Amino acid sequence: MGGGRIHILSDEVISQIAAGEVVERPASVLKELLENAIDAGARHVEVQVAAGGRKAIVVTDDGCGMDRDDALLAIERHATSKIRSAADIERVATLGFRGEALAAIAAVSRLTLTTRPAEAIAGTRLVVAGGKILEVSEVGCPVGTSVEVRHLFFNVPARRKFLRTEATELAHVRQTFLTYALAQPGLALRLVVDGTEVWRMPAPATLEERVRLLLGEDLTESLRPVQHERAGLRVTGLAGTPHVSRADRAGQYVFVNGRPASAPILAHALREAYQGVLPSGRHAILFLFLEMDPAQVDVNVHPTKREVRFRRPGEVRDAVIEAVRSALTAPGGMRAAAPAAWGRPAGAEVGRVEITDIPPPRTFQYPRLPLAPEPSGGAAPVLPESGATAPPERGPKEPPGERPWVWCRVVGQVGGLYVVLETEDGMVLMDPHAAHERVLFERLTQEVLRGRAASQRLLVPETVRLSPTDALRVREHLAVLQEMGFGVSDFGGDTFLVDGLPACLGEVTAAAVLRNVAAELAEEGSGTDRKSRRESAAWAREQVARAACRAAVKARTRLTLGEIEQLVVDLARAAMPYTCPHGRPTLIFMGFDELDRKFGRTS
Ligand code: ADP
Ligand code: MG
């Protein structure tokens with residue numbers, strides 16, 4: 001073996017990898033730019049977004065600005081004005097300190113930085129594309145900084161592909177904006193989306209005013225002021241009364257020293273604070289600001305995650321619980337009486353949720369596919385007449401058998417691939433490729449075992465040219481192939497003539513199948529029995545069947561609902577329904593028991 005496999009990555013690659021840590025989507029760019037503006041002491045910040053941020057994000061502030069040298073340094077990796085030593089991290093009072101964000105963003109976008117410190121008469125403009133500085137010039141500009149980020153991931157197609165629709169990215173951008181607008185009521189903010197102003201927030205404002213602007217008047221009415229201080233730990237903000245709870249924690253905004261933060265201990269404390277007034281599975285809405293000595297918080301857990309760690313978690317927990325509880329029970333806060341009435345969100349009938357915008361009820365008309373209790377060998381499975389069937393009941397279970405299900409209903413498809421099924425036991429996800437492979441594989445191997453597999457003659461025989469080693473393998477196993485329904489003959493050289501294929505494979509090209517088969521036959525396995533295995537016809541048969549079925553399944557990019565339903569029935573009757581011939585799972589189960597548990601419905 002020659003050496004030279006290991007080499008040091010180029011700076012360009014290194015920065016792209018590093019950028020991946022920080023910049024995931026337009027919203028992460030906005031987060032970093034907003035934090036920089038806040039750290040720069042800005043009083044006004046304007047955010048402009050085009051095409052969900054995919055096309056452009058521009059953040060303009062009136063903060064301290066940078067001189068030319070600092071601007072050039074700012075876009076370097078590990079360049080920061082916020083800390084000097086590792087010890088500084090312990091008492092960092094700014095939002096940033098890693099010195100990574102601007103470099104990361106510049107590495108994966110076209111970035112223009114325009115900035116001027118108050119004492120300078122002219123500003124500096126830097127134009128950077130994919131981490132390369134294209135232009136440094138002196139410009140006239142207001143005091144402060146404007147960072148324009150265009151064409152995010154223009155040079156990282158793999159990343160660009162992971163971006164979601166414009167609407168989704170915009171939703172994340174707006175959520176980020178909202179979070180920082182709540183965190184900084186002292187900062188005036190404006191958000192302009194595709195040329196239209198969507199939010200304008202004057203300052204200074206109170207938290208309540210911000211909540212009203214961003215989340216609506218009615219929510220504000222259900223919030224109670226939180227004010228608590230003990231031993232250098234201050235908890236302030238607004239806590240929601242139980243009747244504005246949510247099923248998730250998305251309404252919980254917690255800021256630790258001005259930084260949007262989360263920590264398991266905080267989630268815990270909030271659950272406990274509302275214990276007894278919120279049913280399990282419901283979460284309060286609240287806006288909490290925790291302030292403490294920076295040395296009491298570790299914010300260096302992860303570059304982008306909000307997770308923080310507290311040096312004295314117990315004290316934080318107690319303070320939060322006490323702060324929230326006293327807010328809820330203060331006079332004029334919650335009614336102190338009738339905690340029983342808080343058990344359920346007002347007006348909601350527990351256990352029943354009507355969703356009005358669920359797409360077509362026709363999904364309920366797909367038939368249940370009963371499985372004959374005893375599959376009589378080889379008989380074609382009978383599909384029930386298609387037509388309206390009532391949604392199946394979650395009834396008493398039939399005794400568990402060998403089969404994955406007794407009846408099954410195709411609910412739909414997700415991700416353009418996976419089939420969602422409902423069975424008597426729960427929800428099942430099926431990989432139709434893997435399932436199809438399994439079904440074909442068993443069909444083909446059984447036909448061979450029973451005699452000779454049915455062969456489908458090709459209308460036009462194909463010649464297939466293989467690589468020399470592949471040709472060798474195929475030639476070695478020509479007899480097995482013929483027995484399995486392959487009309488293959490040696491055409492000389494590395495070429496074969498194919499005039500028939502196993503009928504069960506359906507429409508597939510001879511070349512695709514033969515290449516796959518050759519490759520699979522080359523998989524010799526390892527160990528001492530390698531030679532004997534290679535020589536065993538059974539081994540070859542299995543390899544051929546595996547490869548042929550995979551090729552056949554790959555060729556199918558469309559299946560009708562009818563075919564999927566047939567597949568569901570066939571799979572349930574397979575001898576080994578749970579894995580494809582290559583060992584990948586065909587089905588993933590999520591039982592009703594498990595769902596109930598996850599939704600906290602266990603009684
Ligand atoms: P960090 O914020 O962790 O220090 P960044 O890469 O985000 O790292 O920024 C690098 C440096 O550039 C900052 O430390 C700061 O000195 C400067 N900087 C970035 N954005 C601004 C801004 N909007 N106004 C003034 N200075 C800025
Ligand atoms: Mg920063």
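Residues numbered from 1 in each chain as written. Chains lettered and ligands numbered in written order. Predicted model: local features only at pLDDT ≥ 70, side-chain atom pairs only at ≥ 80, totals over all residues. Heavy atoms only, no water.

What to know about the overall build of the protein
Helices and strands together make up the secondary structure of the protein, namely 19 helices and 22 strands. Burial status across the protein gives 44% buried among its 603 residues. Accessible surface, the protein: about 32,000 Å² in total, of which carbon and sulfur atoms supply 53%. (Helix = DSSP H or I, 4+ residues; strand = E, 2+ residues; numbered from the N terminus. Buried < 20%, exposed > 50% of the residue type's maximum accessible area, 1.4 Å probe, protein only. Areas by Shrake-Rupley, 256 points an atom, 1.4 Å probe, with all protein chains shown as cover.)

Some remarks on the site of ligand 1
Around ligand 1 sit 19 residues, and of these N36, T80, S81, K82 and G99 come closest. Here a nitrogen atom of ligand 1 and a side-chain polar atom of D61 are 2.8 Å apart. Contact between ligand 1 and K82: an oxygen atom at 2.6 Å from a side-chain N or O atom of the residue. Considered class by class, the residues forming the shell around ligand 1 number eight nonpolar, seven polar and four charged. (Near = heavy atom within 4 Å. Polar contact = N/O pair within 3.5 Å; in protein donor to acceptor, adjacent residues only side chain to side chain. Nonpolar A, V, L, I, M, F, W, Y, C, P; charged D, E, K, R; others polar.)

A few points about the nonpolar core
Core analysis: the biggest nonpolar cluster contains 63 residues, and V23, V45, V47, L111, F177, L182 and F287 have the highest contact counts within it. In terms of residues, this core owes the most to one element, helix α7 (residues 166-183), which gives eight residues. Beyond its immediate chain neighbours, meaning those up to four positions away, V23 contacts S28, V29, A104, I105, V108, L152, F153 and R159. Counting 39 residues, the second-largest nonpolar core is a separate cluster that includes L458, V474, L521 and A545. (Core = buried A, V, L, I, M, F, W, Y, C linked by side-chain atoms within 4.5 Å. Contact = heavy atoms within 4.5 Å.)

A closer look at the packing of aromatic side chains
Scanning the model with the defined rule gives four aromatic pairs in all. Between Y253 and F287 the ring centres are 5.3 Å apart and the planes differ by 10°, which places this aromatic pair in the stacked class. With Y253 in strand β11 (residues 252-256) and F287 in strand β13 (residues 286-291), this residue pair connects regions lying 34 residues apart in the sequence. Judged on exposure class, the residue Y253 and its partner F287 are both buried. A ring pair is formed by F255 and F289, whose centres lie 4.8 Å apart and whose planes are at 35°; its orientation type is tilted. With F255 in strand β11 and F289 in strand β13, this pair connects stretches of sequence that are 34 residues apart. Taken as a pair, F255 and F289 share a single burial class, namely buried. Sitting above the plane of the F154 ring, R110 keeps its charged end 3.9 Å from the centroid. Lying over the aromatic face of W199, R174 brings its terminal NZ or CZ to 4.6 Å of the ring centre. (Phe/Tyr/Trp six-rings, centres within 6.5 Å; stacked < 30°, edge-to-face > 60°. Lys NZ or Arg CZ within 6 Å of the ring centre and 35° of its normal.)

Overview of the side chain of S146
Its place among the elements puts S146 in strand β6 (residues 144-150). Given the relative accessible area of 16%, S146 is considered buried. A distance of 3.1 Å separates a polar atom in the side chain of S146 from a polar atom in the side chain of T60. Once residues within four sequence positions are removed from consideration, S146 is found in contact with V58, V59, T60, T112, L113 and T114.

Observations regarding the sheet that holds strand β19 (residues 455-465)
If you trace the three strands from one edge of the open sheet to the other, you get β19-β21-β20, paired in antiparallel fashion. Here the strands that pair on one side only, and so sit at the sheet edges, are β19 and β20 (487-490). Averaged over neighbouring strand pairs, the angle between their axes works out to 20° when direction is ignored. Pairing between β20 and strand β21 (residues 495-502): four bridges, direction antiparallel. Residue pairing in the sheet places D490 in a bridge with F496 of β21. (Pairing = 2+ DSSP bridges. Axes fitted to C-alpha atoms, helices over the stretch in contact; angles between N-to-C directions.)

Things to note about the state of the cysteines
According to the stated counting rule, one finds zero disulfides in the structure shown. The thiol of C549 is unpaired, and the distance to the nearest cysteine sulfur, on C504, comes to 5.9 Å. (Disulfide = S-S within 2.5 Å.)

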